Structures are given as structure tokens and as C-alpha cells.
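Each chain is listed here by its residues.
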Amino acid sequence: MKHPEFESDRLLLQHITSEDQPAIFKGLSHPEIIKYYGVHYDTLEETGIQMQWYQNLEKSGSGKWWIIRLRSGSHFCGAIGFNDWNKEHEKAEIGLWLFPEFWGSEIMQEAAELVFPYLFDQLHIHRLEAFVEIENTNSAKLLEKLMFQQEGIMRDAEKKNGRFISITIWSLLNTKN
């Protein structure tokens, strides 16, 4: 399935290509981004694993991620996407990350508002899920702005950097269907 690209007055959401690997590496090696993110890379070459993951999502039909750029100058801001799309149960997991210099600029909210109607109306996803480390209050605030509801906490659900972390579960339902 070929997924569309999106644009607004301020943003371009474009397909991730191999040329984006340096930008993906810059993001997924940035200390402030990976602090609460599930993956990180120490070298540009290692980031090839992430690039392959993006390709595999599309090949398997289980998801899609987009690069977020500013229209003015095409400056790279971050990425947004969905994965673990379960067509039988009409649900998928949403993921996103943004460079710190854009935090508080509502870029991620704007990007989500471009992608979510596509997921709900075109792909007929009923439930979007987000899994957020309990200490990641900025992501929790964003999800609240996007009308997600926190459903609960998975205590000591994952091990990161040698310690157990708890994860909050969030969901947004498509109320149109």
C-alpha cells in the first residue's frame, strides 16, 4: 500500500528515504530524544537497522513513518508514524519524536492532526495506542492535547539502562465509526 505525504502551511510530512539516514541518526542519538525513546544508535551505520525497520513496516503492511520538515527551508524537525497495525482489531501504535529546539512549538500536534484523519478515515483504524515511559511528562501532555486518554500504568514493564521502568498506556478512539 502506498501511503500519501501530507502538508500544511508550515509542515511537510514526507516518506522516509535512505537519504534521511543522517537526520534519523542525529535524532536517535540525541540525548534529549533518546532519554525516553525505545531505541538509540551510537553510529550512523547502526542507524541502518532503523532504516530497515521503516522499510519492513511498509513491506509487511504493518505501518508507516514520515519525516517532519518545515516548509520554509525544509528543515528536519522529527518523525511521526504508526506501527503494529492490527487490521483484524483495527488498531495501531502511534510513535513520534521531535528535536528539542522544536519542543513547545506545536509542530508535533500539527503533524498528528495531519496524520490521524488518514489513519481513521482511510485506513479505518479504530484505536490508536501510545506507550509512554511514566517519567516522560512532555509526551503525556502532548497526548492529552491530542485527546488521548490514559488507560493505566504497566508497572516495571520494561528494563532500560539496567533498571525497570513503568509505562503508561494511552488510547485515542475513532468515534466516527
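Residues numbered from 1 in each chain as written. Predicted model: local features only at pLDDT ≥ 70, side-chain atom pairs only at ≥ 80, totals over all residues. Heavy atoms only, no water.

Visitor: Is there a simple way to think about the overall build of the protein in this case?
Guide: When its secondary structure is counted, the protein shows five helices and eight strands. When the helices and strands of the protein are read in sequence order from the N terminus, they spell out β-β-α-α-α-β-β-β-α-β-α-β-β. For the protein, the C-alpha radius of gyration of 16 Å lies close to 16 Å, the compact-globule estimate for 177 residues. When the backbone C-alpha atoms are referred to their principal axes, the protein occupies close to 40 × 35 × 35 Å. Sorting the 177 residues of the protein into buried and exposed places 47% on the buried side. A sequence separation of at least 24 residues applies to 59% of the contacts in the protein between residues at least 6 apart. Here the protein has roughly 9700 Å² of accessible surface; of this, 49% comes from carbon and sulfur atoms. Of the charged side chains in the protein, 18 are positive and 26 negative, and the gap between their average positions amounts to 1 Å. (Helix = DSSP H or I, 4+ residues; strand = E, 2+ residues; numbered from the N terminus. Rg over C-alpha atoms; globule rule 2.2 N^0.38 Å. Buried < 20%, exposed > 50% of the residue type's maximum accessible area, 1.4 Å probe, protein only. Contact = heavy atoms within 4.5 Å. Areas by Shrake-Rupley, 256 points an atom, 1.4 Å probe, with all protein chains shown as cover. Lys, Arg positive; Asp, Glu negative; His and termini not counted. Charge placed at Lys NZ, Arg CZ, Asp CG, Glu CD.)

Visitor: When you look at the pattern of salt bridges in this model, what are you seeing that I'm missing?
Guide: One side chain can pair with another of opposite charge once the charged atoms of both are near each other. Following the criterion strictly, the structure yields nine salt bridges and no others. When the shortest N-O distance is used, the salt bridge between K64 and E58 registers 3.0 Å. Accessibility expressed as a relative area gives 1% for K64, which makes it buried. One salt-bridge network, held together by shared partners, links K91, R127, E129 and E151. (Salt bridge = Lys/Arg side-chain N within 4 Å of Asp/Glu carboxyl O.)

Visitor: Explain the sheet that holds strand β1 (residues 6-7) here, please?
Guide: Two strands in a sheet stick together by hydrogen bonds in their backbones, pointing the same way (parallel) or opposite ways (antiparallel). The strand order β1-β2-β3-β4-β5-β6-β8-β7 describes an open sheet built from eight strands, whose pairing is mixed. Single-partner strands in this sheet number two, and they are β1 and β7 (149-160). Across three bridges, the pairing between strand β5 (residues 91-98) and strand β6 (residues 127-133) is parallel. Considered in β6, the bridge of K91 is made with R127. (Pairing = 2+ DSSP bridges.)

Visitor: Could you clarify how one ought to interpret helix α1 (residues 21-28) in this entry?
Guide: Because an α-helix completes one turn every 3.6 residues, residues spaced three or four positions apart along the sequence face the same direction. Buried within α1 are the following residues: Q21, A23, I24, G27 and L28. Seen along its axis, α1 keeps its buried residues to an arc of 160°; they face one direction. On its buried side, α1 packs onto α2 (31-34), α3 (48-60), β3 (64-70), β4 (76-86) and β5. (Arc of directions from axis to C-beta.)

Visitor: Help me out: how do you make sense of the packing of aromatic side chains in this one?
Guide: Given two aromatic rings, one states the distance between the centres and the angle between the planes to describe the pair. In total, this model carries 13 aromatic pairs according to the counting rule given. A network of ring pairs unites the aromatic residues F6, W66, F82, W85 and Y118 as a single cluster. One Lys or Arg, K26, reaches over the ring of F99 and ends 5.3 Å from the middle of that ring. Between the NZ or CZ atom of K87 and the centre of the ring of W85, over which it lies, the distance is 4.6 Å. (Phe/Tyr/Trp six-rings, centres within 6.5 Å; stacked < 30°, edge-to-face > 60°. Lys NZ or Arg CZ within 6 Å of the ring centre and 35° of its normal.)

Visitor: Mind showing me how you'd approach unusual backbone geometry here?
Guide: Glycine aside, a negative phi is what most residues show, and trans is what most peptide bonds show. At H124, a residue that is not glycine, the phi angle is positive and equals roughly 60°. Mapped onto the elements of the fold, H124 is located in the loop between α4 (107-122) and β6. Among the residues examined, H124 registers a relative accessible area of 48% and is labelled partly exposed. Despite not being glycine, M147 has its phi angle at roughly 75°, a positive value. M147 gets classed as exposed once you look at its relative accessible area, which sits at 62%.

Visitor: Where do I start with the nonpolar core in this structure?
Guide: One recurring pattern in soluble globular proteins: nonpolar side chains tend to sit buried together. Counting 52 residues, the largest nonpolar core has L13, I80, W97, F116, L119 and F148 as the members making the most contacts within it. A total of 10 residues in this core trace back to one element, the largest contributor, which is α4. With residues near it in sequence (within four places) discarded, L13 still touches E5, F6, W66, I67, I68, I80, A111, L114 and V115. (Core = buried A, V, L, I, M, F, W, Y, C linked by side-chain atoms within 4.5 Å.)

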